[in-house]
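Fold and geometry: a report
Residues per chain are reported as follows:
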Amino acid sequence: MNARLIWKIMLTIIVFNILTACSYKPDQEKLEQPSTNIIMYLSSNKEFEGSAKIISELAHEYQAETPGIEFQFENVAESNLNQRVQLLAASNDLPVLFSYQSGKPLLDLIHSDAVLNLEDTFTELGIIDKLNPAAVELLKSYANGEGLYALPLEFNIEGFWYNKEIFKQHGIQIPQTWDELLEASGKLYDSSVQPFAVAGKDKWPITRLINAYAIRMYGADVMERVDKGEMSLTSAGFIEAVKTVQMMGIKGYLGKRVNTVDMETSLNAFLQGKTAMFYMGSWQLRAFNDESQNKIGEDAIGFFSIPLVEGGSGTLDEFPVNAGLTTSFSKAAYTPEVGNWMKFVFERYGDRAMSDLGMVTGFQVEHTPADLPPLTKLVQEKISGAKKGALWFEARFSTNAQLLAWDNAQLLVTNEDYTPIQYLTELQEELKREH
């Protein structure tokens, strides 16, 4: 009996040890596996278009040669981007990098210590010389000089792109004044040619037109003066600007059902020869230089600066200048592994964006392609000749004011009962509440 009992005890111990070893093995293997660092990029850009395409391609190249790094991309509609980022910031759950508005909305994140100082980070990583100093200063000015908290993935000027063949067919010269621009628009419309391609569904292309008129009336620094309280949005020049853009919408110059047209549709309308003009930033060079998208050909596209306003103080060598939809980094999510990833991607970004897409960016280009597209050369010349840069309309607005400006702009260009003074008064009152 004793021998039998001892054998049972020994057998129980052996079985227990085997089961313990079996149950422990998966955990042991799990502990021995390297941890995965996820680099999440949240953007309203599509992953394989523009700057997002370049970053994604470089990120996947880095991932292929670096164990434990996984790049993920999430697309969100531009109209929902601000709200999404704010919700993530409120829960301290911002992704490693994310697209965001580089004006007042980003300032809120800076003041809450949620975003990374990229000038310091790039200096520590040894790649600060990869950034164009002019682009750095531009983005610092957007942040009231508090530092560099966004990357200039693009470096753009804005103005009117036009179809040379349509202008020639209808005997239209490049407009030097807004009166000439409106006269040309009326002539085109009467000839059954849509004067402008405008993405009213995206809202901001409408306020860009208001801003274009205002900076020719008051000069390049007008929106900064509004932000400082030195000028009211209800001033006569702003009323004139809004009245002009409303008239363009009501008369049909911006196209039928303008508020249902998104950016892709408006871009395609211009590149397929269906409209004569397209007010837009030079970030659309990537589409202009793409033969699969540009059906009219690059030789058919011209560019002219925002026309002058009679009695205005703006000049033709002043351009709205911006860095496009910028990208920022979460301070909380930054690690040495993220730093290594940043170094790999952004020391290559400038050259890759120029060679693959002909994009003008805020990064230095060490190897300029011999076959640089003509329109890209034109933009580089315009940027180098610009005497002053102007902010876009909502650059200094809070998120609430920005949304109010956008939403009501849609109402403005389709409903003549909604007056310019109503639009501007409501917006000015919102700005006063926030100050």
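Residues numbered from 1 in each chain as written. Predicted model: local features only at pLDDT ≥ 70, side-chain atom pairs only at ≥ 80, totals over all residues. Heavy atoms only, no water.

Our focus in this paragraph is the overall build of the protein. Helices and strands together make up the secondary structure of the protein, namely 18 helices and 10 strands. Its C-alpha atoms give the protein principal-axis dimensions of about 115 × 55 × 40 Å. The proportion of buried residues among the 435 residues of the protein is 52%. Considering only contacts in the protein between residues 6 or more positions apart, those separated by 24 or more positions represent 75%. Carbon and sulfur atoms make up 50% of the accessible area of the protein, which totals about 20,100 Å². Once the 37 positive and 57 negative side-chain charges of the protein are each reduced to a mean point, those two points are 3 Å apart. (Helix = DSSP H or I, 4+ residues; strand = E, 2+ residues; numbered from the N terminus. Buried < 20%, exposed > 50% of the residue type's maximum accessible area, 1.4 Å probe, protein only. Contact = heavy atoms within 4.5 Å. Areas by Shrake-Rupley, 256 points an atom, 1.4 Å probe, with all protein chains shown as cover. Lys, Arg positive; Asp, Glu negative; His and termini not counted. Charge placed at Lys NZ, Arg CZ, Asp CG, Glu CD.)

Before going further, it helps to spend a moment on a negative patch on the surface. A surface patch of negative charge is lined by Asp-179, Glu-180, Glu-183, Glu-240 and Glu-310. Top contributing element to the negative patch by residue count: helix α8 (residues 178-190), with 3 residues. Within the secondary structure layout, Glu-240 lies in helix α11 (residues 236-250). (Patch = residues over 30% accessible without salt bridge, like charges linked within 9 Å, V, L, I, M, F, W, Y side chains within 5 Å. Salt bridge = Lys/Arg side-chain N within 4 Å of Asp/Glu carboxyl O.)

What follows covers the pattern of salt bridges. For the structure on display, the rule yields 17 salt bridges. Of the charged contacts, one joins Lys-130 and Glu-366 as a salt bridge, the two residues approaching to 2.4 Å between their closest N and O atoms. On the criterion of sequence distance, the pair formed by Lys-130 in the loop between α5 (118-125) and α6 (133-142) and Glu-366 in the loop between α15 (349-357) and α16 (374-385) is long-range, its members being 236 residues apart. By relative accessible area, Glu-366 is classed as exposed at 52%. Where salt bridges share partners, they join Glu-119, Glu-137 and Lys-140 into one cluster.

Its place among the elements puts Asn-322 in strand β8 (residues 318-322). On the basis of relative accessible area, Asn-322 is assigned to the buried category, the value being 2%. Of note is the side chain of Asn-322, whose polar atom sits 2.8 Å from the side chain of Glu-158. Contacts of Asn-322, omitting those with residues within four sequence positions, involve Leu-138, Tyr-142, Glu-154, Phe-155, Asn-156, Glu-158, Arg-208, Trp-283 and Trp-392. (Polar contact = N/O pair within 3.5 Å; in protein donor to acceptor, adjacent residues only side chain to side chain.)

Before going further, it helps to examine the sheet that holds strand β2 (residues 69-75). The strand order β2-β1-β3-β9 describes an open sheet built from 4 strands, whose pairing is mixed. Each end of this open sheet is capped by a strand with a single partner; those strands are β2 and β9 (326-329). The sheet shows a mean angle of 20° between the axes of neighbouring strands, taken without regard to direction. (Pairing = 2+ DSSP bridges. Axes fitted to C-alpha atoms, helices over the stretch in contact; angles between N-to-C directions.)

What follows covers the pairing of strand β4 (residues 156-163). The buried fraction of β4 amounts to 8 of the 8 residues, a majority that puts the element mostly inside the structure. Relative to β8, β4 runs antiparallel, the two sharing 2 bridges. Looking across to β8, one finds that Asn-156 is bridged to Asn-322. Pairing between β4 and strand β6 (residues 275-281): 5 bridges, direction antiparallel. Bridge assignment links Tyr-162 to a residue of β6, and that residue is Met-277. Looking at chain direction, β4 and strand β7 (residues 301-304) are connected through 4 bridges and run antiparallel. Its bridge partner being in β7, Tyr-162 is matched across the sheet by Gly-302.

In this section: the packing of helix α9 (residues 204-218) against α11. Helix-helix packing: each pair is described by the crossing angle between the helix axes and the interaxial distance. Put simply, α9 and α11 touch, their axes get as near as 9 Å, and they point 140° apart. Judged by the inter-axis angle, α9 sits oblique to α11. Like other packed secondary-structure pairs, α9 and α11 cross with a definite hand, here right-handed. Where α9 approaches α11, its residues Ile-206, Leu-209, Ile-210, Tyr-213, Ala-214, Met-217 and Tyr-218 are matched on the opposing element by Ala-236, Gly-237, Phe-238, Glu-240, Ala-241, Val-242, Thr-244 and Val-245. By residue class, the composition of the contact of α9 with α11 is 12 nonpolar, 2 polar and 1 charged. (Parallel < 35°, antiparallel > 145°, perpendicular 65-115°, else oblique. Left-handed = near helix turned anticlockwise from the far one by under 90°. Nonpolar A, V, L, I, M, F, W, Y, C, P; charged D, E, K, R; others polar.)

Our next topic: the confidence of the model for the protein. The predicted model of the protein averages 90 in pLDDT, with 92% of residues at 70 or higher. Throughout residues 21-33 the model reports pLDDT below 50, and contacts reaching past four residues in sequence, or to other chains, amount to 0 contacts. (pLDDT = per-residue confidence, 0-100.)

Moving on, we get to the packing of aromatic side chains. This model, assessed by the stated rule, comprises 27 aromatic pairs. Consider the rings of Tyr-162 and Phe-304, whose centres lie 5.7 Å apart with planes at 50°: the pair is tilted. Of this pair, Tyr-162 sits in strand β4 while Phe-304 is found in strand β7, placing the two residues 142 residues apart along the sequence. With a relative accessible area of 10%, Tyr-162 lands in the buried category. For Phe-304, a relative accessible area of 3% corresponds to the buried category. (Phe/Tyr/Trp six-rings, centres within 6.5 Å; stacked < 30°, edge-to-face > 60°.)

Before going further, it helps to examine the nonpolar core. Membership of the largest hydrophobic core comes to 122 residues, with the highest contact counts inside it found for Trp-161, Phe-238, Trp-341, Phe-346 and Tyr-423. If one sorts the elements of this core by residue count, α9 sits on top with 10 residues. Judged by nonpolar contacts, the second largest core, of 18 residues, contains Val-76, Phe-98, Leu-107 and Ala-150. (Core = buried A, V, L, I, M, F, W, Y, C linked by side-chain atoms within 4.5 Å.)

Turning our eyes to something else, we now look at helix α12 (residues 263-271). Along α12, the residues that are buried comprise Met-263, Ser-266, Leu-267, Ala-269, Phe-270 and Leu-271. At its buried positions, α12 is contacted by β4, α9, β6, α13 (285-288) and β7. Of the residues flanking the end of α12, it is Gly-273, one or two places downstream, whose phi is positive at about 80°.

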